[in-house]
Amino acid sequence: MNIIAIMKLLYYPGCTLKTTAKNFEDSAIKSLQVLGIELVELNRWNCCGTVYSLASDDLIHQLAPIRNLIRVKEQGDRVSGNGDREVRPQVVTLCAMCYNTLKRAELLVTQDDEKRSKINDFMDREKIKYDGGVKILHLLEVLKEFGFDKIRKYVKRNMADLKVVSYYGCMLLRPKEVAIDDTENPTILQEFIKSIGAEPIGFPYLNECCGSYQTVGQVDFVVDRAYKILSLANELGADLIVTSCPLCEFNLDTRQREVQAKYSGFKTIPVLYFTQLLAVAMGMDKEKCRFDLNYIDPTKTLNQFGH
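Residues numbered from 1 in each chain as written. Predicted model: local features only at pLDDT ≥ 70, side-chain atom pairs only at ≥ 80, totals over all residues. Heavy atoms only, no water.

(A) The overall build of the protein, seen in detail. Helix and strand content of the protein: 15 helices and eight strands. The C-alpha radius of gyration computed for the protein amounts to 19 Å, which stays within 12% of the reference 19 Å derived for 307 residues, consistent with globular compactness. Considering only C-alpha atoms, the protein reaches an extent of 60 × 45 × 30 Å along its principal axes. Taking the intrachain contacts of the protein between residues at least 6 apart in sequence as the baseline, contacts between residues at least 24 apart amount to 79%. Charged side chains of the protein number 40 positive and 40 negative; the gap between the two group centres comes to 3 Å. (Helix = DSSP H or I, 4+ residues; strand = E, 2+ residues; numbered from the N terminus. Rg over C-alpha atoms; globule rule 2.2 N^0.38 Å. Contact = heavy atoms within 4.5 Å. Lys, Arg positive; Asp, Glu negative; His and termini not counted. Charge placed at Lys NZ, Arg CZ, Asp CG, Glu CD.)

(B) Quick look at the pattern of salt bridges. Within the structure shown, the criterion is met by 19 salt bridges. Salt-bridge contacts for lysine 262 lead to aspartate 224; the nearest nitrogen and oxygen are separated by 2.7 Å. One end of the pair, lysine 262, is in helix α12 (residues 256-262); the other, aspartate 224, is in helix α10 (residues 219-235), and 38 residues separate them in sequence. By sharing partners, the salt bridges in this structure join Lys18, Lys22, Glu25, Asp26, Glu41, Arg290 and Asp292 into a single network. (Salt bridge = Lys/Arg side-chain N within 4 Å of Asp/Glu carboxyl O.)

(C) Representation of the sheet that holds strand β1 (residues 8-12). With parallel pairing, the four strands of this open sheet are ordered in space as β2-β1-β3-β4. The sheet is open, and its two edges are formed by β2 (38-41) and β4 (135-138), each paired on a single side. The sheet shows a mean angle of 45° between the axes of neighbouring strands, direction not considered. Of the pairings in the sheet, the one linking strand β3 (residues 90-93) to β4 comprises four bridges and is parallel in character. From the neighbouring strand, threonine 93 faces β4, where its bridge partner is histidine 138. Set on the sheet, helix α3 (residues 63-76) makes contact with β1, β2, β3 and β4; between it and β1 the angle comes to about 160°. (Pairing = 2+ DSSP bridges. Axes fitted to C-alpha atoms, helices over the stretch in contact; angles between N-to-C directions.)

(D) Spatial organisation of the nonpolar core. Grouped together as the largest cluster of nonpolar side chains are 97 residues, with contacts concentrated most on Ile66, Leu139, Leu143, Phe192, Ile196, Val242 and Phe274. By residue number, the principal contributor to this core is helix α4 (residues 96-111), which donates eight residues. Contacts of isoleucine 196, omitting those with residues within four sequence positions, involve Ile151, Val155, Met159, Leu277, Leu278 and Ala281. (Core = buried A, V, L, I, M, F, W, Y, C linked by side-chain atoms within 4.5 Å. Buried < 20%, exposed > 50% of the residue type's maximum accessible area, 1.4 Å probe, protein only.)

(E) View of helix α13 (residues 274-281). Burial analysis of α13 places eight of its eight residues in the buried class, which makes it a mostly covered element. Considered for burial, the residues of α13 that qualify are Phe274, Thr275, Gln276, Leu277, Leu278, Ala279, Val280 and Ala281. Immediately beyond the C-terminal end of α13, within one or two residues, lies glycine 283, with a positive phi of roughly 90°.

(F) Expanded view of the packing of aromatic side chains. What the rule picks out here adds up to seven aromatic pairs. Judged by centre distance (6.0 Å) and plane angle (75°), the ring pair of phenylalanine 24 and phenylalanine 274 falls under edge-to-face. A residue pair is termed long-range when its members are at least 10 positions apart, and phenylalanine 24 in helix α2 (residues 22-35) and phenylalanine 274 in helix α13 qualify at 250 residues. Take phenylalanine 24 and phenylalanine 274: they sit in the same class, and that class is buried. Ring centres of phenylalanine 192 and phenylalanine 274 lie 5.7 Å apart, and the angle between their planes is 80°; this geometry places the pair in the edge-to-face category. With phenylalanine 192 in helix α8 (residues 188-195) and phenylalanine 274 in helix α13, this pair connects stretches of sequence that are 82 residues apart. A network of ring pairs unites the aromatic residues Phe24, Phe192, Tyr273 and Phe274 as a single cluster. Taking the ring centre of tyrosine 205 as reference, the NZ or CZ of lysine 228 above it sits at 4.8 Å. (Phe/Tyr/Trp six-rings, centres within 6.5 Å; stacked < 30°, edge-to-face > 60°. Lys NZ or Arg CZ within 6 Å of the ring centre and 35° of its normal.)

Distances and angles like these do not, on their own, reveal function.
See the structure below:
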């Protein structure tokens, strides 16, 4: 795949990026435009299914992601910056959970002919049967292929001395069959941070679970996990944390309200999507970065470094 030649990339947003994570989508679209990359939103997309089903016989749960992959096949051939037809349809995701769900559904139907056939039988009203073959990419993979060295050319603000924690969470790295990087020692986020001139700092909890959907019924449990992760970031001298998962962002950012209430003396720390940090590095103002949707406003922290 030649990112520079394509320029236009088919994009699956998912539900949260159209609601509470608009700061993720907006900052991504604006910063990618600077790089000369256009995200073309997938037509007629539906929810990815949110969480990949762990039940071996739960094929109904796989219909949602597979329908989206059918939409990719229907639209994929028409998305190309230079007019060439792509040999293999592909789609880009931003949300780590959407990436994981789509990727694992694709893996399932590719490896199991019987389950693929049953899934297609359930979706008998679709114009085409899904036989696999869609390439699911996370935006970090796209940026890496574009070239982190090339991204440096678009940096307008001095990001030196800004210490950033890379927080991957679970969905970009597990299971290893769909991981975008080494499951135990990932580096792609740190490489990205270096590319914009900031300083990534070592963080032993970079692939720890944030508590995920336990935030619905076990808030106190998630608050404790958030405190553990955020406190270590503070102890290590981090100025902020970057992530790629809306649920991780909620548990580590918005839940700081409950962390403050439970743990006296807790020091808040901004949590940003990596695309917001990219937009900052490119010189965009806080309105374009959509800091209004971050619970902990990072403006004061960034201003301390003259950003």
